[in-house]
Protein chains: 2
Amino acid sequence: MNSSVTLRDIAKALNLSISTISKALNDSHEIGAETKQKVLDYAKKHHYSPNRMAKGLKEGKTRTIGVVVCSLDNNVIAQMLDGIHKASTDKSYQIIIMQSKESEKLETACLELLYAGGVDGILISPAYETVNFNYLLSLQKSGIPVVLFDRLIDQIHTHKVGADNFKGAYEATMHLINNGYRKIAHLNTNTILSIATDRLNGYKQALADSGIEFRPELLRSCNYTGATTLNENLEQAIKDYMSLEDKPDAIFTATDQISTKCLVLLNKLGYKIPEDIALIGFTNTDLAEAMNPPMSTVYQPAFEIGQLAAEKLISLIERKNFDEGFETVMLPTEVQVRASSQPKK
Amino acid sequence: MNSSVTLRDIAKALNLSISTISKALNDSHEIGAETKQKVLDYAKKHHYSPNRMAKGLKEGKTRTIGVVVCSLDNNVIAQMLDGIHKASTDKSYQIIIMQSKESEKLETACLELLYAGGVDGILISPAYETVNFNYLLSLQKSGIPVVLFDRLIDQIHTHKVGADNFKGAYEATMHLINNGYRKIAHLNTNTILSIATDRLNGYKQALADSGIEFRPELLRSCNYTGATTLNENLEQAIKDYMSLEDKPDAIFTATDQISTKCLVLLNKLGYKIPEDIALIGFTNTDLAEAMNPPMSTVYQPAFEIGQLAAEKLISLIERKNFDEGFETVMLPTEVQVRASSQPKK
DNA sequence: CTGTTAGCGCCTTCAT
DNA sequence: ATGAAGGCGCTAACAG
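Residues numbered from 1 in each chain as written. Chains lettered and ligands numbered in written order. Predicted model: local features only at pLDDT ≥ 70, side-chain atom pairs only at ≥ 80, totals over all residues. Heavy atoms only, no water.

The name recorded for chain A in an unreviewed UniProt entry is Transcriptional regulator, LacI family, from Pedobacter nyackensis.

Written out as structure tokens, the structure is:
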């Protein structure tokens, strides 16, 4: 740590006591205006800033928020982190970011580290793999506020902030239907998280509302553990789809990675998009426009999700809303239409 | 902060003194094996973990690294952060990430915050806009180790880790030349950072080595402040290029954002890539394959850059290499050939 | 081998 | 209006 000027230094320099300095800097009423000014001037001039460690130790707070995400290297996540970052620095909190890499075990390790590190609160978007939330619950029980963002679960009672995945999926599927597609496949992840089921349900509802029968063979859940595995899974899924007797004429993909990888694979396998098969998917990349063809997407307000979640966590930490109950906020998604889902000819 | 079990709690429970517990947990040789075991067992059972704040206060260390980058929401940066994150957690350091948004003023604010927060060291990839590095230098002088990564500058004497930008640019330009292109434009940023000049020099060298004259009108430096501005700048640059009497047949782009935006713009303006104009650029996106057309890229070992930089910083913090001098490491880039730079017909 | 003590920088009573 | 003293949890020097 940098050896900056301390209260003691100022006290010595100004021939005052440490507590006088402390009070002056905290604008206590029991310090004379003149003294106060003198102290403030000196402090500013010498770049005094209170020692985080000492203050934290004293107050039993760290002004630090722990964040657990699947991976840093992911568009949507990066945008959410950006929002979390903004809200946190606005309220002068630091954030510590941990990556679960979709592994339940790693996720628990992250939480343990955060706990040991003494964070004031935790923001988490659970790993796909996670099914057991006991550790998280025990943290919460031991007094650490937890807020869920992006991927929400029912097993824990707290504030939750995510996208309206049901609606987003519904609208994406409807968009395909309105453009003349009837045999719509859905590629999703094999996780118990509601982010997957909500999107699946939105898809099913759109089919139902349009009098289209849901065909189980057009639904595939991909294994997300390891990038290669995902790619292989996807390739197999696509090949299976396309070798069906009654093959799909469109695909609706449920996650950022699946969407972009799917587009690459369709190109690689020689299918024309959207002539052979149309495509729309959840993803936030600003490169959708650059793709071949430009890809229709369901955009999530990722920045806002992160920002709101962080604000809610901080309010929990500071117990501003002592009496208010917990709430779940679902921010609206937006279908961005591009060439990959052009009306069927 | 979570109110966990403290040394005192353990001492009381085991009827031992606080310092005995402390020593036992630190595996001091002056504690009996039996006692040690008893303490360790109790500690594990009750999830003891030392209070970060107390330890930090005592040791004058925070085991925290401050990281300053232009933006979280950027492929290359995210990959570097991933590497920084890995190296840091491997050595049980926390990281605090700050964003400069390419602004010198914001960057200084980030550094001030980090300083006030009491970080043990700083990793920084300077903002494009920054020309004055005095604050950074003053931090270093006051005893905080600083390591530069990604974007390196001469003004500060320390460890530096980046990509071999000269070579990457040279190879990219050579690739175009070898594929028959002769009128190669270069789109860069208007920054004094060597990341820009190195790439420019690599480009020039490749031209020179091939007996091609450098044409100033084929070089444009874009203003990076604000995403819209960049887009407008780029569009204007491209239009200017294409209205030249002797217009370019290829473009080599110098940054991630310029590369991808340039491809979008060329498509938007109706130019065929690579028939009307070929394209290769620095960028790490794994979506290069998905683009229209698949884009040839210069890939930087971003993860490794971050990881190595963090390792070097930690070794500075821990003064492991007290006598060794500072070094600048340039990791090799890799030209990934795709359709956008196909041999000229 | 174990315990006592002091102190890291800050804040908070309680005196003066 | 200012100062003295104690303590947050931990470590390290010094005693026993």
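There's more to say after this.
## Thoughts on the protein's contact with DNA strand C
Taken together, 24 residues are adjacent to DNA strand C, and S19(B), T20(B), K23(B), E30(B) and K58(B) come closest. Backbone sugar and phosphate groups make up 59% of those atoms of DNA strand C lying within 4 Å of the protein. Here L7(A) contributes a backbone N or O atom positioned 2.7 Å from a phosphate oxygen of DNA strand C. Here K58(B) contributes a side-chain N or O atom positioned 2.6 Å from a base nitrogen of DNA strand C. Those elements giving two or more residues to the surface near DNA strand C turn out to be α1 (7-14), α2 (18-25) and α4 (52-59) of chain A together with α2 (18-25) and α4 (52-59) of chain B. Here the residues of the surface near DNA strand C sort into 7 nonpolar, 10 polar and 7 charged. (Near = heavy atom within 4 Å. Polar contact = N/O pair within 3.5 Å; in protein donor to acceptor, adjacent residues only side chain to side chain. Helix = DSSP H or I, 4+ residues; strand = E, 2+ residues; numbered from the N terminus. Nonpolar A, V, L, I, M, F, W, Y, C, P; charged D, E, K, R; others polar.)

## Some points on the pairing of strand β5 (residues 160-163) of chain B
Residues and elements named next belong to chain B. Where strand β4 (residues 146-149) lies against β5, 2 bridges are found, and the strand directions are parallel. Within β5, the position partnered with L148 by the bridge is K160. Both β5 and strand β11 (residues 328-331) contribute to a ladder of 4 bridges, which runs parallel. Note that in β11 the partner of K160 across the bridge is T328. (Pairing = 2+ DSSP bridges.)

## Some points on helix α11 (residues 256-268) of chain B
Residue and element names in this part refer to chain B. Here α11 spans 19 Å end to end across 13 residues, near enough to the 18 Å set by a 1.5 Å rise per residue. The buried count for α11 comes to 10 of 13 residues, which makes it a mostly enclosed element. Residues D256, I258, S259, T260, K261, C262, L263, V264, L265 and L266 constitute the buried set of α11. Within two residues after α11, G270 carries a phi angle of roughly 90°, on the positive side. (Expected span 1.5 Å × (residues − 1). Buried < 20%, exposed > 50% of the residue type's maximum accessible area, 1.4 Å probe, protein only.)

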